[in-house]
Each structure stands twice: as structure tokens, then as C-alpha cells.
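# Chain and residue survey
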Amino acid sequence: RFLLIGLLLNIPLISHALTYQTIVQGLPNTLQRNAMARFAAQQNTVANPSADQAARWYANGPQTLRLALAPFGYFTPKITASLRKHKTHWLATYTVSLGPVTRLTTIKLHLAGSGHNNKTLRRLTQKLPIQPGDIYNSQAYDNAKTLIFHTVTNLGFLHANLQQSTVQVDTK
């Protein structure tokens, strides 16, 4: 009898571990994939999160989405969110309205040193893969920097370096 009572007392203490699921609505495929990859990177570290962990992930969700959207030129999304506890899982749902896309207004490239008058480099500044009016895209920006650096070094300026690289975003 005593053993049976002990087992009965332990049954309520066994709790079913909940998983965590994130749903993002309102994004085109490329942005959706980037957002879900960011969420997965955070959430794959804990298989069965506690209520506190689920609440932290949920609270960080809007910032995670902003970071996922910024490389594609969306700096001011509107995000609504809900977190629900179901029988087997937590369900975080985020609905995103992208807002206006950010376009490049000005591109400044200043050449200094012995290559500042090089005709090839001067022409390159007009043929960059990013131009005013383009939608800001961090990959295109990085590609432009790489193109500049490779062109400079291929012209024999082996000690060339990038002294400053800045993107300024006005979200107003």
C-alpha cells in the first residue's frame, strides 16, 4: 500500500514539456525565410522551453523581426503579436506590415592617395551595382564594397584599405 500511495502522489508532479512554435504572417518568401532563420537560430538552443523562456522569446520577437527585415530596406515595420499556450506547445504569432521601403538617396565614394585620379576608379564610381533610387539591400552594399576593393587591388594598389563605410538611415 505504501508504495502505491507514493506512486500516486508522484503522478501529478510529472509535467508534459511544451515546445515553442513561431508563425510569421505578412512577409514575402525571401523575407519570411530570413525571419524564420533568425527565430530558429535563437530557439533551437532549447528543446522544451520554460514559461519564462517562452515569454523572453516572445518579447524579443519584434526585435528579431526588425533585424531580419533591415538588410532588405525595411526599417519601420509595424508588428502585432500574440502568445498562446496550447496543450502541447507555445504558439507565438507575429503579423507584419512592412511599411515603406528605404531607398538609397546618395552614394559618396571618396578616393584618396595615389589612385585618386585613376580613370578606371573614377568610372567605377559611376558603375557601382548600387545607385541612388535603388532599394537598400545590405548584400548589394557589401557587393559594391567588394567590387571596389578588388578593382583597386587589381590595379596594383596593394596597400589600399577601406577607411570608412557608413550607411545612414533616416526613418522619419
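Procedures and definitions
- Residues numbered from 1 in each chain as written.
- Predicted model: local features only at pLDDT ≥ 70, side-chain atom pairs only at ≥ 80, totals over all residues.
- Heavy atoms only, no water.
- Helix = DSSP H or I, 4+ residues; strand = E, 2+ residues; numbered from the N terminus.
- Buried < 20%, exposed > 50% of the residue type's maximum accessible area, 1.4 Å probe, protein only.
- Contact = heavy atoms within 4.5 Å.
- Areas by Shrake-Rupley, 256 points an atom, 1.4 Å probe, with all protein chains shown as cover.
- Core = buried A, V, L, I, M, F, W, Y, C linked by side-chain atoms within 4.5 Å.
- Salt bridge = Lys/Arg side-chain N within 4 Å of Asp/Glu carboxyl O.
- Axes fitted to C-alpha atoms, helices over the stretch in contact; angles between N-to-C directions.
- Parallel < 35°, antiparallel > 145°, perpendicular 65-115°, else oblique.
- Left-handed = near helix turned anticlockwise from the far one by under 90°.
- Expected span 1.5 Å × (residues − 1).
- Bend = angle between axes of the 7 residues up to and from the residue.
- pLDDT = per-residue confidence, 0-100.

## Observations concerning the overall build of the protein chain
- Counting its regular elements, the protein chain contains five helices and three strands.
- Order of helices (α) and strands (β) in the protein chain, N terminus to C terminus: α-β-α-α-β-β-α-α.
- Split into buried and exposed, the 172 residues of the protein chain put 27% on the buried side.
- For the protein chain, contacts bridging at least 24 residues in sequence account for 68% of all contacts bridging at least 6.
- When the accessible surface of the protein chain is split by element, carbon and sulfur atoms take 55% of a total near 12,000 Å².

## Some points on the nonpolar core
- Of all hydrophobic cores here, the largest spans 19 residues; its most connected members are Y20, L27, L65, L69, Y94, V96 and L98.
- Listing elements by their share of this core, those giving two or more residues are β1 (19-25), α2 (29-43), α3 (51-69) and β3 (89-97).
- Counting residues in hydrophobic clusters, the runner-up holds 11 residues, among them L111, L128, I130 and Y136.

## Quick look at the pattern of salt bridges
- The full count for this structure, using the stated rule, is one salt bridge.
- The residue D142 makes a salt bridge to K145 at a minimum N-O spacing of 3.5 Å. Taken together, the residues span about one helical turn, with D142 and K145 both in helix α5 (residues 138-154) at a distance of three residues.

## Some remarks on the packing of α2 against α3
- Viewed as axis vectors pointing N to C, α2 and α3 meet at an angle of 140°, and their least axial separation amounts to 9 Å. On the basis of their axis angle, the class for α2 and α3 is oblique. The crossing of α2 and α3 is right-handed. Each of L31, N34, A35, R38, F39, Q42 and Q43 in α2 lies in contact with α3, whose residues at this interface are W57, G61, T64, L65, L67, A68 and L69.

## Quick look at α3
- With 19 residues, α3 should cover 27 Å at 1.5 Å per step; its first-to-last C-alpha distance of 27 Å lies within 8% of that length.
- Roughly 45° is the biggest bend found in α3, and it falls at G61, with proline P62 one to four residues downstream.
- Of the positions making up α3, those classed as buried are Q53, A54, W57, G61, T64, L65, A68 and L69.
- For α3, the secondary structure elements touched by its buried residues are β1, α2, β2 (78-85) and β3.

## A word on the side chain of T93
- Its location among the elements puts T93 in strand β3.
- Filtering out sequence-adjacent residues up to four positions away, T93 remains in contact with I23, Q25, T80, A81 and S82.

## Points about the confidence of the model for the protein chain
- Of all residues in the protein chain, 88% attain a pLDDT of 70 or more, and the chain-wide mean is 83.
- The secondary structure element of the protein chain with the lowest average pLDDT is helix α1 (residues 2-10), at 43, and the one with the highest is β2, at 95.
- Counted against residues more than four places away or in other chains, residues 1-15, with its pLDDT under 50, gives zero contacts.

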